[in-house]
Amino acid sequence: MANDGLKHTPTELETAGSRVLPPADDVAARFKVLPHPNLTSEADWKAAMSDLKFGMQFSDHMARAIWTVGRGWHDKEIVPYGPLSLSPAAAILHYGQEIFEGMKAYRHDDGSIWTFRPGYNAARFNASARRLALPEIPVEDFIASVVQVVREDERWVPTGEGTSLYLRPFMFASEPFLGVHAARENTYLMIASPVGAYFEGGMKPVSIWVTRNFHRAGPGGTGAAKTAGNYASSLLPQQEAAEKGFDQVCFLDAREERYLEELGGMNVFVVRKDGSVVTSKLTGTILEGSTRSAIIRMLRDRGTPVFESLIALDELVDDIRKGEVTEMFACGTAAVVTPIGRLASEDFEVELGKSDFAVSVYNQLTGIQNGHEPDPYNWLYRLA
Ligand code: COI
């Protein structure tokens, strides 16, 4: 049967990520909480929570675990958030062997605290670990690190509309060694940051510059992994876009320089006049976003056909001009769902006037995350 865009066949990551997780109480004790001698004062906490931007404030605690060859994971602890002591020879500083995740904790109206698809993040973290020759972490440890930091730092989970506690698990090569090899000592950390909208304009449409000078990732590279180098390589093109007056840069595939990949930190969706939706297919060079995956699932269940395909830039621009494409939006854990209002490069500039579809997707997704809508997929996981 021809693909009608409605049938959902789970990817390997979606399957791994939907494994039923043990409840938070059963895993929490995997990380031992050490005393904190100097918690943020009530006044400083209030000041920090009063004007939330993205990623500028940090909660009181962090999770830390060490992996060494022969011992595996050990010293799993919740410690005061603070500077690290790291050898200047630590391999991360020289060779960039690092991976990370982005998650959020949401406070529901009854005060309970939840996160969204943590099993998916854990599975992707371990997929990234494999690609970067880092050790995998047991899913229960990954979850426990999140549970314990959030439980210690409950007051840092904000209550306002569009706010959350952003969670950043990461792992890096901490072995002090200048030879190039997979590190024999690695450090896992999980830090938390109370946040508002990623883009200061909230749902105000963003403008996108399609770079013709740079690529984010190539075949066989690390594009599908959530690793520091992918983001480092996006910074100069991002600067180029900003200098031209655009909010974000979009990358094309490296082989044919024709197909839309992603924005560096966000996946892209295209809404067509015929009611269907298209998103870039997983070619191995883009990140399989958790928000991307959730949106595909929700839309198909709503009866909206979603096609994961190659999106040729020239055809997309033509279709926008002809009115065949009515909207575009970006999505990610940090950005949630953000309408795209302008798309340009050296040889074209087009505008997209609508964002109703993106707003409906935003409302459905955040409705589930904030506990205002039912969660038919069991995507929510109670932390506290
Ligand atoms: C996220 O969406 O959580 C990410 O990790 C992307 C980053 C650009 C903030």
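A short note on the site of the ligand
Now for step 1: As a matter of local geometry, the ligand sits amid Phe 100, Gly 102, Tyr 166, Arg 168, Tyr 198, Lys 226, Gly 265, Gly 332, Thr 333 and Ala 334.
Now for step 2: At a separation of 3.5 Å, an oxygen atom of the ligand approaches a polar side-chain atom of Arg 168.
Now for step 3: One of the side-chain nitrogen or oxygen atoms of Lys 226 is found 2.8 Å away from an oxygen atom of the ligand.
Now for step 4: Isolated, the ligand exposes 280 Å² of accessible area, and the fraction of that covered by the protein chains is 89%.

Details of the packing of aromatic side chains
Now for step 1: In this structure the tally under the stated criterion is 15 aromatic pairs.
Now for step 2: Centre to centre, the rings of Trp 73 and Tyr 188 are 6.3 Å apart; their planes meet at 80°, and the pair counts as edge-to-face. Highlighted residues: Trp 73 in strand 3 (residues 72–80) and Tyr 188 in strand 8 (residues 185–195), separated in sequence by 115 residues.
Now for step 3: Ring geometry for Phe 116 versus Trp 379: centroids 5.4 Å apart, planes at 75°, classification edge-to-face. With Phe 116 in strand 6 (residues 113–116) and Trp 379 in the loop between helix 11 (356–369) and strand 17 (380–382), the pair connects residues that are 263 residues apart, well separated along the chain.

Some thoughts on the domain arrangement of the protein
Now for step 1: Under the domain assignment used here, the protein contains domain 1 (16–195) and domain 2 (201–371).
Now for step 2: The C-alpha-based centres of domain 1 and domain 2 are spaced at 27 Å.
Now for step 3: The interface is formed by 21 residues belonging to domain 1 together with 23 residues belonging to domain 2.
Now for step 4: Among the residues domain 1 hides against domain 2, the three largest losses belong to Phe 100, Phe 116 and Arg 124. Together they make up 29% of the total.
Now for step 5: The interface formed by domain 1 and domain 2 contains zero salt bridges.
Now for step 6: Remark: the boundary between domain 1 and domain 2 carries 16 residue pairs in polar contact (both at pLDDT 80 or more).
Now for step 7: Elements with a minimum of two residues in the side of domain 1 that touches domain 2: strand 4 (98–100), strand 5 (103–107) and helix 5 (118–131).

Some words on the environment of Arg 155
Now for step 1: When you line up the elements, Arg 155 lands in the loop between helix 6 (139–152) and strand 7 (164–173).
Now for step 2: Judged by its relative accessible area of 28%, Arg 155 falls in the partly exposed class.
Now for step 3: In this structure the C-alpha to C-alpha distance between Arg 155 and Lys 46, which are 109 residues apart in sequence, comes to 9.9 Å.
Now for step 4: When near neighbours in sequence (up to four residues on either side) are disregarded, Arg 155 contacts Leu 39, Thr 40, Ser 41, Glu 42, Trp 45, Met 49, Asp 60 and Arg 107.
Now for step 5: Polar contacts involving the side chain of Arg 155 include one to the side chain of Asp 60, which spans 2.9 Å.

A closer look at the packing of helix 5 against helix 6
Now for step 1: Two elements in contact, helix 5 and helix 6, have axes separated by 10 Å at closest approach and are oriented at 120°. The pairing of helix 5 with helix 6 is recorded here as oblique in orientation. Pair helix 5 / helix 6 crosses with right-handed handedness. Residue-level inspection shows Pro 118, Gly 119, Asn 121, Ala 122, Phe 125 and Asn 126 of helix 5 in contact with helix 6, the latter providing Val 139, Phe 142 and Ile 143.

Brief notes about the pairing of strand 8
Now for step 1: By the criterion of burial, strand 8 is predominantly enclosed, with ten of the eleven residues buried.
Now for step 2: As defined by bridge partners, strand 2 (residues 61–68) adjoins strand 8 across six bridges and the pair is classed as antiparallel. Residue pairing in the sheet places Ala 65 in a bridge with Tyr 188 of strand 8.
Now for step 3: The pairing of strand 7 with strand 8 spans ten bridges and is antiparallel. Following the sheet pairing, Phe 172 is matched in strand 8 by Thr 187.

Topic: the pattern of salt bridges
Between side chains of opposite charge, pairing is possible as soon as their charged atoms come close.
Now for step 1: Counted according to the given criterion, the structure contains 22 salt bridges.
Now for step 2: The partner of Lys 76 in a salt bridge is Asp 141, with the nearest N and O atoms 3.2 Å apart. Of this pair, Lys 76 sits in strand 3 while Asp 141 sits in helix 6, placing them 65 residues apart in sequence.
Now for step 3: For Lys 76, a relative accessible area of 23% corresponds to the partly exposed category.
Now for step 4: For Arg 212, the salt bridge goes to Asp 347, with nearest N and O atoms at 3.0 Å. Of this pair, Arg 212 sits in the loop between strand 9 (206–210) and helix 7 (228–232) while Asp 347 sits in the loop between strand 15 (336–345) and strand 16 (348–351); the two residues are 135 residues apart in sequence, bridging distant segments of the chain.
Now for step 5: The class for Asp 347 is exposed, based on a relative accessible area of 54%.
Now for step 6: Connected through salt bridges with shared partners, the residues Arg 30, Lys 76 and Asp 141 form a single ionic network.

Concerning the nonpolar core
Now for step 1: In this structure, Val 150, Leu 167 and Tyr 188 are the most contacted members of the largest nonpolar core, which totals 43 residues.
Now for step 2: At eight residues, helix 6 tops the list of elements feeding residues into this core.
Now for step 3: Other than its neighbours up to four places away in sequence, Leu 167 contacts Glu 101, Gly 102, Met 103, Lys 104, Ala 105, Thr 115, Val 146, Val 150, Met 190, Ile 191 and Ala 192.
Now for step 4: By size, the runner-up hydrophobic cluster in this structure holds 26 residues, among which are Val 270, Val 278, Ile 320 and Leu 352.

Focus on unusual backbone geometry
Now for step 1: A positive phi angle, near 50°, is found at Arg 117, a position not held by glycine.
Now for step 2: Relative to the helices and strands, Arg 117 resides in the loop between strand 6 and helix 5.
Now for step 3: Phi is positive for Val 336, close to 55°, though the residue is something other than glycine.
Now for step 4: Its place among the elements puts Val 336 in strand 15.

Rules behind the numbers
- In every chain, residue numbers begin from 1 and rise along the written sequence.
- Local features in this predicted model are restricted to residues whose pLDDT is 70 or higher, and side-chain atom pairs enter the listing and the counts only when it is 80 or higher, whereas totals over whole chains, interfaces and linings include all residues.
- The side-chain figures draw on all heavy atoms in the structure; neither hydrogens nor water molecules are used.
- One heavy atom suffices: a residue is near a molecule or strand as soon as one of its heavy atoms comes within 4 Å of it.
- In the analysis that follows, any N or O atom pair within 3.5 Å is treated as a polar contact, provided that within protein one partner can donate a hydrogen and the other can accept it, and provided that, for residues neighboring in sequence, both atoms belong to side chains.
- Residue exposure ignores everything except the shown protein chains as possible cover, and the areas themselves are Shrake-Rupley values with a 1.4 Å probe.
- Pairing of aromatic side chains here covers Phe, Tyr and the six-membered ring of Trp, requires ring centres within 6.5 Å, and sorts the geometry by plane angle: under 30 degrees stacked, over 60 edge-to-face, intermediate tilted.
- Numbering of helices and strands starts at the N terminus; helices are DSSP runs of H or I of at least 4 residues and strands are runs of E of at least 2.
- Boundaries of every domain are those given by an automatic assignment or by a domain database.
- Note on contacts: a residue pair qualifies if any of its non-hydrogen atoms lie within 4.5 Å across the two residues.
- What counts as buried area is the accessible surface, traced by a 1.4 Å probe, that two parts surrender upon association, with contributions from both included.
- By definition here, a salt bridge exists when the distance from a side-chain nitrogen of Lys or Arg to a carboxyl oxygen of Asp or Glu is within 4 Å.
- Each residue's exposure class comes from its accessible area (1.4 Å probe, protein chains only) as a fraction of the maximum for that residue type: buried when under 20%, exposed when over 50%, partly exposed otherwise.
- In this analysis, axes come from line fits to C-alpha atoms, helices being fitted only over the stretch in contact, and the angle between any two N-to-C directions falls in the range 0 to 180 degrees.
- Note that the term roughly parallel is reserved for angles under 35 degrees, roughly antiparallel for angles over 145, roughly perpendicular for angles of 65 to 115, and oblique for everything else.
- Take the far helix as your reference; a near helix turned counterclockwise from it by less than a right angle gives a left-handed crossing, and one turned clockwise gives a right-handed crossing.
- Two strands pair if DSSP finds at least two bridges between them.
- We define a nonpolar core as any set of buried Ala, Val, Leu, Ile, Met, Phe, Trp, Tyr and Cys residues linked to one another through side-chain atoms lying within 4.5 Å.

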